[in-house]
Amino acid sequence: ADLAFVILSPTYVDALSAVGAEFLSVARTTMELNLPPAAEFVFSGYPWRKSKNHRRGEIESTRMDAHEEALPDAEVAALGYDPRVNVAMRYDREKFRHGETPITGPLPDGMSGGAIWQLSPEGIPILAGIATTFDEPRRLMLGARVRPLLFRVRDTIRAQLGLPPL
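What this report covers is the structure whose coordinates are included nearby.

Calculation notes
- Sequence order as written defines the numbering, with residues in each chain counted from 1.
- A pLDDT threshold of at least 70 governs which residues receive local features in this predicted model, and a stricter bar of 80 or more applies before side-chain atom pairs are shown or counted, although totals over entire chains, interfaces and linings include all residues.
- Side-chain figures throughout are based on the complete set of non-hydrogen atoms in the structure, without hydrogens or water.
- Pairs of strands are assigned from DSSP output, requiring at least two bridges between the strands.
- The helix count covers DSSP runs of H or I at least four residues long, the strand count covers runs of E at least two residues long, and both are numbered beginning at the N terminus.
- Angular values range over 0 to 180 degrees, each being the angle between N-to-C directions of two axes fitted as lines to C-alpha atoms, with helices fitted over their stretch in contact.
- In this description, contact between two residues means that some pair of their heavy atoms is separated by no more than 4.5 Å.
- Working definition: rings of Phe, Tyr and Trp (its six-membered ring) pair if their centres are within 6.5 Å, and the pair is stacked with planes under 30 degrees apart, edge-to-face with planes over 60 apart, and tilted otherwise.
- Partly exposed describes any residue whose relative accessible area lies between the buried limit of under 20% and the exposed limit of over 50%, with all areas from a 1.4 Å probe on protein chains only and scaled to the type maximum.
- When a carboxyl oxygen of Asp or Glu lies within 4 Å of a side-chain nitrogen of Lys or Arg, that pair is called a salt bridge.
- Surface patches are defined over residues having more than 30% relative accessible area and no salt bridge, joining like charges when they lie within 9 Å and nonpolar side chains (Val, Leu, Ile, Met, Phe, Trp, Tyr) when within 5 Å.
- For accessible areas, the Shrake-Rupley method is used with a probe of radius 1.4 Å. Any residue's cover is judged against the shown protein chains and nothing else.
- Remark: nonpolar core denotes a set of buried residues (Ala, Val, Leu, Ile, Met, Phe, Trp, Tyr, Cys) joined through side-chain atoms within 4.5 Å.

### Examining the sheet that holds strand S8 (residues 115-119)
And then number 1: Strand order in the open sheet formed by six strands is S4-S1-S8-S9-S10-S5, with antiparallel pairing between adjacent strands. With one partner strand each, in any of the chains shown, strand S4 (64-69) and strand S5 (86-90) form the two edges of the open sheet. Geometrically, the sheet is characterised by an average inter-axis angle of 35° between neighbouring strands, direction not taken into account.
And then number 2: Bridge analysis of S8 against strand S9 (residues 125-135) gives five bridges, and the strand direction is antiparallel. Paired with Gln118 across the bridge in S9 is Ile126.
And then number 3: Running over the sheet, helix H3 (residues 146-160) touches S9 and strand S10 (140-145) and is turned about 15° from S10.

Shown next, in the form of structure tokens:
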């Protein structure tokens, strides 16, 4: 998956903050490489099959949040994905629920780019990754971890400033 970043100047940060934009601290974006066995993930996004295109050019989308346990790193690796880079969870459409009501879940096509949150033991959402792929035959939702990206950004900025690596 390709991920990109933009460094915002203080002027842009102030302008965005003035219109209500909120920024996550780095502490809310880090994630342990080896997840606890029952770590819960929430993949959030807007499946295109649930979108409606109105005649006046507006697109109406419905957000989907899929809550599941993370696959352990060893299982991610056994499936051929790199657990240092990828995060994965099972997604079985037939076992999807809307509240307490069982329903057939939507195909998650179009959720790429959506946030993947890990819930801390206290229930605090921590940005863990960015959704990239739905592996339909294996019923897996996959994403790219943000932690390696954040380290790369930090190291790139330090190098550009002539600072030694951490």
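Here the narrative resumes, following the displayed structure.
### A short note on the packing of aromatic side chains
Within a pair of aromatic rings, the relevant descriptors are the distance that separates the centres and the angle that separates the planes.
And then number 1: Enumeration over the complete set of coordinates arrives at one aromatic pair.
And then number 2: Summarising the aromatic geometry, the rings of Tyr91 and Phe134 are spaced 5.8 Å apart at their centres and angled 75° between planes, so their arrangement reads as edge-to-face. In this pair, Tyr91 sits in the loop between S5 and strand S6 (97-98) while Phe134 sits in strand S9, placing the two residues 43 residues apart along the sequence.
And then number 3: Tyr91 sits in the buried class, given a relative accessible area of 2%.
And then number 4: For Phe134, a relative accessible area of 19% puts it in the buried group.

### Thoughts on the pairing of strand S1 (residues 40-45)
And then number 1: Burial within S1 is extensive, with five of its six residues counted as buried.
And then number 2: In this sheet, S8 lies alongside S1 in antiparallel orientation, the contact comprising four bridges. The residue bridging Phe43 from the neighbouring strand is Ile116, located in S8.

### Describing the pattern of salt bridges
Oppositely charged side chains can form a pair if their charged atoms are brought close together.
And then number 1: What the rule picks out here adds up to four salt bridges.
And then number 2: Close ionic contact of Arg145 with Asp73 constitutes a salt bridge, the shortest N to O distance being 3.3 Å. Linking Arg145 in strand S10 with Asp73 in helix H2 (residues 73-78), this pair joins segments that are 72 residues apart in sequence. For the pair shown, Arg145 and Asp73 are each scored as buried.
And then number 3: Its salt-bridge partner being Arg90, residue Glu75 comes within 2.4 Å of it at the nearest N-O pair.

### Points about a nonpolar patch on the surface
And then number 1: A contiguous nonpolar patch, built from Val6, Leu8, Tyr12, Leu16, Val19 and Phe23 and spanning about 640 Å² of accessible area, is present on the exposed surface.
And then number 2: Within the fold, Val6 resides in the segment before helix H1 (10-18).
And then number 3: Exposure remark for Val6: the relative accessible area of 70% places this residue in the exposed category.

### Side note on the environment of Leu166
And then number 1: Take Leu166: it is sitting in the segment after H3.
And then number 2: Residue Leu166 is classed as exposed on the basis of its relative accessible area of 69%.
And then number 3: A C-alpha to C-alpha distance of 7.6 Å links Leu166 and Asp155, two positions eleven residues apart in sequence.
And then number 4: Apart from residues lying up to four places away in sequence, Leu166 is in contact with Arg154 and Arg158.

### A few points about the nonpolar core
And then number 1: Ranked by size, the top nonpolar core spans 17 residues in total, and within it Phe41, Phe43, Met64, Ala66, Tyr91, Ile116 and Met141 carry the most contacts.
And then number 2: Listed by contribution, the elements that provide at least two residues to this core are S1, S4, S5 and S9.
And then number 3: If one sorts the elements of this core by residue count, S9 sits on top with three residues.
And then number 4: Ranked by size, the runner-up nonpolar core spans five residues in total, among them Val76, Ala88, Leu140 and Leu142.

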